Amino acid sequence: MPRIVLVEGDITAQRVDAIVNAANPTLLGGGGVDGAIHRRGGPAILEACRRIRSTEWPDGLPTGRAVATTGGDLPARWVIHTVGPVYAREEDPATLLSSCHTESLRIADELEAARVAFPAISTGVYGYPIDEAARVAVEAVRTADTSAREVRFVLFDATAHAAFARAMTG
Ligand code: APR
């Protein structure tokens, strides 16, 4: 089981091997953490996403799946893009959110990324209640079969950080 660390801050600044992006199925960028990663990571990330769309996932990346690209100008070497569930739209959002974490860690293992940073996937635009999401995310990482040494949850505000801290004591 990887060491799990909580950080309050900006995921684009994290000096880890891979950061996970809360993307959408187009993989062509957006707002929130997706926008921040593309802004700070530069055009190489979008170019790599476009290549993935034109080869592996022509119809878009399904919810719960993950793909890796270069980290571009980011401190992190790779970005692992995953699509979280839109909370109000899914029958079983917890299973899909859990899959975002286990699939991202499976890809991190393929990249031999020892240190991986996650944002609070789906808790912004996608409307996942932060306490529920924190419990699912922490449980998924705790039970994942991964060789990652450290998993960092990078929370953008104190509310999210407190929710993950509660989930960690659960
Ligand atoms: N670093 C860390 N966390 C961040 C950052 C950042 N720079 N910017 C935003 N966040 C946090 C938000 O505060 C929220 O807790 O990331 C979490 C996820 O919020 P969103 O980025 O809105 O992602 P999500 O809810 O998964 O919605 C995905 O939003 O940006 C679009 O293209 C994306 O359509 C997709 C949708």
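Residues numbered from 1 in each chain as written. Predicted model: local features only at pLDDT ≥ 70, side-chain atom pairs only at ≥ 80, totals over all residues. Heavy atoms only, no water.

Near the ligand, the surroundings consist of 21 residues, among which Asn24, Gly31, Val33, Asp34 and Gly124 are the closest. Here an oxygen atom of the ligand sits 2.9 Å away from a polar atom, N or O, in the side chain of Thr123. With respect to the ligand, the backbone of Tyr126 contributes an N or O atom lying 3.1 Å from an oxygen atom. Protein chains bury 89% of the 700 Å² of accessible surface belonging to the ligand in isolation. Within the residue set of the shell around the ligand, elements represented by two or more residues are β2 (18-23) and α1 (32-41). Ranked by the residues each element gives to the shell around the ligand, the list is headed by α1, at four residues. Taken together, the residues that form the shell around the ligand break down as ten nonpolar, nine polar and two charged. (Near = heavy atom within 4 Å. Polar contact = N/O pair within 3.5 Å; in protein donor to acceptor, adjacent residues only side chain to side chain. Areas by Shrake-Rupley, 256 points an atom, 1.4 Å probe, with all protein chains shown as cover. Helix = DSSP H or I, 4+ residues; strand = E, 2+ residues; numbered from the N terminus. Nonpolar A, V, L, I, M, F, W, Y, C, P; charged D, E, K, R; others polar.)

Time to look at α1. Taken together, the buried positions of α1 are Asp34, Gly35, Ala36, Ile37, His38 and Gly41. Packing partners of the buried residues in α1 comprise β2, α2 (43-54) and β4 (78-83). Looking one or two residues beyond α1, the residue adopting positive phi is Gly42, at roughly 85°. (Buried < 20%, exposed > 50% of the residue type's maximum accessible area, 1.4 Å probe, protein only. Contact = heavy atoms within 4.5 Å.)

We now examine the pairing of β4. Extensive coverage of β4 is indicated by the burial of six of its six residues. Residue alternation in β4 divides its side chains into two sets, Trp78, Ile80 and Thr82 and Val79, His81 and Val83, and both sets are buried.

Turning our attention to the nonpolar core. Formed by 32 residues in total, the largest nonpolar core has its most connected members in Leu105, Val116, Phe118, Phe153 and Phe164. Elements supplying a minimum of two residues to this core: β2, β4, α3 (93-110), β5 (115-118), α4 (130-143), β6 (150-155) and α5 (158-169). Of the residues forming this core, the biggest block, six residues, is contributed by α4. In this view, Phe153 contacts Ile4, Val5, Leu6, Val7, His101, Phe118, Ala137, Val138, Val141 and Phe164; residues no more than four positions away in its chain are not counted. Grouped together as the second largest cluster of nonpolar side chains are 18 residues, Ala23, Leu27, Leu61 and Val79 included. (Core = buried A, V, L, I, M, F, W, Y, C linked by side-chain atoms within 4.5 Å.)

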